[in-house]
Each structure stands twice: as C-alpha cells, then as structure tokens.
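# Inside the fold
What follows is the residue order along each chain.
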Amino acid sequence: MKRLLLRLGAAGNFHLESAMKLSIDTDACVSCGMCAERLPAIFRIDHAARSAVIVRQPQCTEQDDALEAAEDCPVGAIILRR
C-alpha cells in the first residue's frame, strides 16, 4: 500500500504529496542516461560528475514511472525509499 502525506493549507486548499524519496548512488551510477531519457523532469545527467542527479522528487502521478526507472537501472544506482 502506498503511503501519502496530506498537506493542509487554507480552507479547501490541500494537496497530496508522495512519501516516495529517490536518491542516486553516485559511486554505482555509470551515467548511461536511461533514467534521464525516461523521466527528464526528475533525473538529469551531470556530465562533470559522471552521474545522474535528482532534479526533483516524483509527484504522485509519476511514482510508477520512477519505480520502473529504479527497477530498470542497469547498475541499481537509483535508490527508492518510502
């Protein structure tokens, strides 16, 4: 079961926020670009560091794609925490 956080604001102003947290194991990453190609709003390749970096955490609607990117990473460098 996915865990979601509810943030409350003014009356009627709320949004759901994912409890999913991504990170990159920069020592393992080989900067193949698969993640950045699949989800450019979330990942990009830092050519100087020779590693993928997280641009921002996935929104609720992007969680399944982020999970697939983590599963498909050839070296397992995308770390997913819930």
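Residues numbered from 1 in each chain as written. Predicted model: local features only at pLDDT ≥ 70, side-chain atom pairs only at ≥ 80, totals over all residues. Heavy atoms only, no water.

## Regarding the confidence of the model for the chain
Put simply, the rule reads: Every residue is assigned a pLDDT by the predictor, reflecting its confidence on a scale from 0 to 100. By definition, any uninterrupted DSSP run of H or I lasting at least four residues is a helix, any uninterrupted run of E lasting at least two residues is a strand, and each is numbered from the N terminus.
Residues at a pLDDT of 70 or more form 78% of the chain, whose mean pLDDT is 86. The secondary structure element of the chain with the lowest average pLDDT is strand 1 (residues 4-8), at 50, and the one with the highest is strand 4 (residues 43-46), at 98.

## Some details on the pattern of salt bridges
Working definition: two side chains of opposite charge can pair if their charged atoms are close together. Put simply, the rule reads: By salt bridge we mean one thing: a side-chain nitrogen of Lys or Arg within 4 Å of a carboxyl oxygen of Asp or Glu.
With the rule as written, the count across this model stands at two salt bridges. Between Arg 38 and Asp 72 there is a salt bridge whose closest N-O contact spans 3.0 Å. Taken as a pair, Arg 38 in helix 1 (residues 34-38) and Asp 72 in helix 2 (residues 63-72) lie far apart in primary sequence, 34 residues in all. Two residues, Arg 56 and Glu 62, come together in a salt bridge whose shortest N-O distance is 2.8 Å.

## Structural notes on the nonpolar core
The line we're drawing: Nonpolar cores are built from buried Ala, Val, Leu, Ile, Met, Phe, Trp, Tyr and Cys residues. Side-chain atoms within 4.5 Å join them into one set. The classification of residues rests on relative accessible area computed with a 1.4 Å probe and restricted to protein chains. Under 20% of the type maximum is buried, over 50% is exposed, and intermediate values are partly exposed. In this description, contact between two residues means that some pair of their heavy atoms is separated by no more than 4.5 Å.
With 17 residues, the main nonpolar core has Leu 22, Ile 24, Leu 39, Phe 43, Ala 52 and Ile 78 as its most contacted residues. Mapped onto this core, the elements with two or more residues apiece are strand 3 (21-24), helix 1, strand 4 and helix 2. With near-sequence residues (within four places) excluded, Phe 43 lies in contact with Leu 22, Ile 24, Cys 35, Ala 36, Val 53, Ile 54, Val 55, Ala 69 and Ile 78.

## Regarding the state of the cysteines
Selection criterion: Disulfides are defined as cysteine sulfur pairs within 2.5 Å.
One pass over the structure, following the stated rule, counts zero disulfides. Here Cys 73 stays unpaired: no disulfide links it, and the sulfur of Cys 32, its closest cysteine neighbor, is 6.0 Å away. By relative accessible area, which is 13% here, Cys 73 ends up buried.

## What about unusual backbone geometry?
Trans is the common state for peptide bonds, and a negative phi is the common state for residues other than glycine. Positioned with a positive phi, Ser 31 is a non-glycine residue whose angle comes to about 50 degrees. Judged by its relative accessible area of 26%, Ser 31 falls in the partly exposed class. With a phi angle near 55 degrees, Arg 50 is a residue other than glycine that sits in the positive phi range. Inspection of the secondary structure assignment puts Arg 50 in the loop between strand 4 and strand 5 (51-54).

## Some words on the environment of Leu 67
Tracing the chain through its elements places Leu 67 in helix 2. Sequence-wise, Leu 67 and Met 20 are 47 residues apart; in three dimensions their C-alpha atoms are separated by 9.4 Å. Not counting residues up to four positions away in its chain, the partners in contact with Leu 67 are Leu 80 and Arg 82.

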